[in-house]
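As a plain string of letters, each chain reads:
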Amino acid sequence: MKCDAVVIGAGINGLVAAVDLASKGWKVIVVERDQSPGGAVTTAEATLPGFRHDLYAMNLSMFAGSAFLAAHREALTQHGLEFVGVADTFASIFSNHKWLGVSTDLAKTTARIAQFSTEDAAAWRTMSEAFGEDVAYIGALMGAPMPSFEVVRILLKAWRKKGLAWVRDMVRLLASSPRAFLDPRFASDEVRALMAAWGMHLDFGPDIAGGAVFPYLESMSCQNFGMVIGKGGADTVITAMCSYFKALGGQILLGQDVVQVIEANGIATGVALADGRIIVAERAVIANVHPKVLTSRLLVSKPERQEFAAAIDGFRPGPGTMMVHLALDKLPQWAAGAELQRFAYVHLAPSYEMMSRAYQQVLSGLLPQEPVLVVGQPTALDPNRAPAGKHILWVQVRAVPYDILGDAAGSIAERDWANAKHHYAERVIDIIEGYAPGLRESVLGMSIMSPRDLEMANPNLVQGDSLSGSHHLDQNFLFRPAGGWSRYRTPVRQLYMVGASTWPGAGTGGGSGFMLAQMLGGKRQRRS
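Throughout this description, residue numbers start from 1 for each chain and increase along the sequence as written. In view of the model being predicted, local features appear only for residues whose pLDDT reaches at least 70, and side-chain atom pairs are presented and counted only at 80 or more, with totals across whole chains, interfaces and linings using the full set of residues. Working from all heavy atoms in the structure, the side-chain values ignore hydrogens and water.

*Asks:* Summarise the pattern of salt bridges; cite the residues concerned and give the values.
*Replies:* What makes a salt bridge here is a side-chain nitrogen of Lys or Arg within 4 Å of a carboxyl oxygen of Asp or Glu, nothing more. One pass over the full model with this rule turns up 26 salt bridges. For the salt bridge of Asp54 with Arg385, the shortest nitrogen-to-oxygen distance reads 2.8 Å. Here Asp54 is found in strand S4 (residues 53-54), whereas its partner Arg385 is found in the loop between strand S16 (372-376) and strand S17 (391-400), with 331 residues between them in sequence. Accessibility here uses a 1.4 Å probe with only protein chains present; expressed as a share of the type maximum, an area under 20% marks a residue as buried, one over 50% as exposed, and anything in between as partly exposed. With a relative accessible area of 2%, Asp54 lands in the buried category. Overall, Arg385 belongs to the buried group, its relative accessible area being 0%. One salt bridge connects Arg192 with Asp189, and the closest N-O pair in it is separated by 3.6 Å. With Arg192 and Asp189 both in helix H9 (residues 189-201) and three residues apart, the pair spans about one turn of that helix. According to the relative accessible area criterion, Arg192 is buried, its value standing at 15%. Overlapping salt bridges, with partners in common, bring together Asp88, Arg112, Glu339 and Arg342 in one network. Starting at the N terminus, helices and strands are each numbered in turn, a helix being any DSSP run of H or I of at least four residues and a strand any DSSP run of E of at least two.

What follows is the structure, given as structure tokens:
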């Protein structure tokens, strides 16, 4: 088989690159080891028939706002892409069973905040209104290759329009911890905890430098634009991209494992499959896999690549993730108020102290006594994901250790996830039950995915890190996945890396796939 480009891995970034290049006339083949495409954007009946669970990613807001979708919206819509918009986006419940939530109606959000602090309500409004103008520059930076002259142009434009103080404040934001950013701006512990919970979605406890940008961006984006989930499941984006890609002449090989990148004279010329077939790629081999998978399994080791291999070997995973999927007879009966049933996410992360404690326990190899829980309620927004009158919960446990050295609560003796995960899932349900009495008796089915289960299901989730690498400052921005290798290249010419391990990191935006495709697509048109 011959093509212009072969893509290893049908995850979201691989498919984004494949679709964009195919739309420019490239002949592209995508090879996927699993029997279905999607990677970390997968929907399946994980508990009972008729209950469709997003196994990993649920929030599609980044995809909905992506440059890729802006370029291909009409075609993807024709191929079945459907979203459900969310006005009541996220909320936090506190230890005293009071709650605070963000809705796209700014008046509603600020009225809720005013119950805790009128000053914070005014500060939130000011921040939200400023974000409407600032997001153009922030979004442009997040969608630019790193480093590049484009980044310089964006900063110069912002300097001329907003002033040097604004640029300085943005740089400080990128380097700040959530606490350092939030404490000077908000007085109430509740507003601070509400926003800081977003840091725990990634690898940022309240006091970790570089974590402020995520609480800021997610909170303000939800306030200004709402949230988006996929109609029928997150896999709507995968199904639509695959259909569109095939219509463009692209080919997807499922259940086929790539065993080696083929090269000649330091140039990638294709890939070898486990069944012995060779796919020749005349212009590019795009690896949508974790960089460690690339260097350890797919590339032949050579002395001249030792520096690159060592840099990739030092790329650290973040803490592990555990997923608990529940099929329910009814939605949680939140003691804090029935209005919480309308929110896409309910965070059970009531304070800085609780988040910091859980984070430090994980870093010490302990099962947290009280982990941060992100409780997703997709059927409150999209009832068709479950049989009539029934519901599902998407519970992400942020975070847990990959290797269990102990239990902070002292009640789980097991040290292997195969035996410990069921006990720990019971702790998770107990925690939710404390906020929503009666949950346990409404459970119809349950599926548990430990960090080791995640890694086994998807080798790109190294050590069960659902983000494919820590986003701490030393391996983010121009250091992702390593200094000198942030622009998707490798030591092998025509071999490129994309995925959550590369800039701009984790999420459903397809940023690395699209930026690489834009770089490659600017080259000469495919030979006839």
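*Asks:* Hey, could you go over helix H11 (residues 236-247) for me, with residue numbers and the actual values?
*Replies:* In an α-helix, one turn spans 3.6 residues; hence positions three or four apart end up facing the same way. To estimate the expected span of a helix, subtract one from its residue number and multiply by 1.5 Å. Here H11 is 12 residues long and its end C-alpha atoms lie 17 Å apart, about the 16 Å a rise of 1.5 Å per residue gives. All of the buried residues along H11 are Thr236, Val237, Ile238, Ala240, Met241, Cys242, Tyr244 and Phe245. Phi for Gly249, located one or two positions after H11, is positive at around 100°.

*Asks:* I'd like a rundown of the packing of aromatic side chains, residues and numbers included.
*Replies:* Put simply, two rings from Phe, Tyr or Trp (the six-membered ring, in Trp's case) pair if the centres are within 6.5 Å, and we call them stacked under 30 degrees between planes, edge-to-face over 60, tilted for the rest. A complete count under the given rule lists 17 aromatic pairs for this structure. With centroids separated by 5.3 Å and ring planes inclined at 80°, the aromatic side chains of Phe90 and Trp198 adopt a geometry described as edge-to-face. A residue pair is termed long-range when its members are at least 10 positions apart, and Phe90 in strand S6 (residues 88-93) and Trp198 in helix H9 qualify at 108 residues. For Phe90, a relative accessible area of 0% translates into the label buried. Relative to Tyr424, the ring of Trp417 lies with its centre 6.4 Å away and its plane at 90°, an arrangement referred to as edge-to-face. Neither Trp417 nor Tyr424 differs from the other in exposure class; each is buried. Linked through ring pairs, Phe63, Phe68, Phe83 and Phe514 together constitute an aromatic cluster. Taking the ring centre of Tyr402 as reference, the NZ or CZ of Arg452 above it sits at 4.0 Å. Whether a charge sits over a ring comes down to the Lys NZ or Arg CZ being within 6 Å of the ring centre and within 35 degrees of the ring normal.

*Asks:* Which residues make up the pairing of strand S7 (residues 99-103), and what values go with them?
*Replies:* Along S7, five of the five residues are buried, which leaves the element largely enclosed by surrounding structure. Here S7 shows a buried face lined by Trp99, Gly101 and Ser103 and a second buried face lined by Leu100 and Val102. DSSP bridges decide pairing: two strands pair if at least two such bridges lie between them. Sheet topology places S6 next to S7; five bridges connect them, and they run antiparallel. Across the sheet, Phe90 pairs through a bridge with Val102, a residue of S7. Hairpin connection from S6 to S7: five residues lie between these consecutive antiparallel strands, with His97 at a positive phi of about 65°.

*Asks:* Give a description of the pairing of strand S10 (residues 258-264) that names residues and reports values.
*Replies:* Here six bridges tie S10 to strand S11 (residues 267-273), and the two strands are oriented antiparallel to one another. Its bridge partner being in S11, Glu263 is matched across the sheet by Ala268. As consecutive antiparallel partners, S10 and S11 are separated by two residues, and within that stretch Asn265 has a phi angle of approximately 55°, a positive value.

*Asks:* Tell me about the nonpolar core, and please be specific about residues and values.
*Replies:* By size, the foremost hydrophobic cluster in this structure holds 60 residues, and its most contacted members are Trp124, Tyr216, Tyr345 and Met355. The greatest single-element share of this core, amounting to eight residues, is contributed by H9. Excluding its chain neighbours within four sequence positions, the residues that come into contact with Met355 are Ala193, Ala196, Ala197, Met200, Pro206, Ala349 and Val372. Buried Ala, Val, Leu, Ile, Met, Phe, Trp, Tyr and Cys residues form a nonpolar core when they are joined through side-chain atoms within 4.5 Å. Counting 51 residues, the second-largest nonpolar core is a separate cluster that includes Ala64, Val237, Ile238 and Met515. Pairs of residues are marked as contacts when any of their non-hydrogen atoms sit within 4.5 Å.

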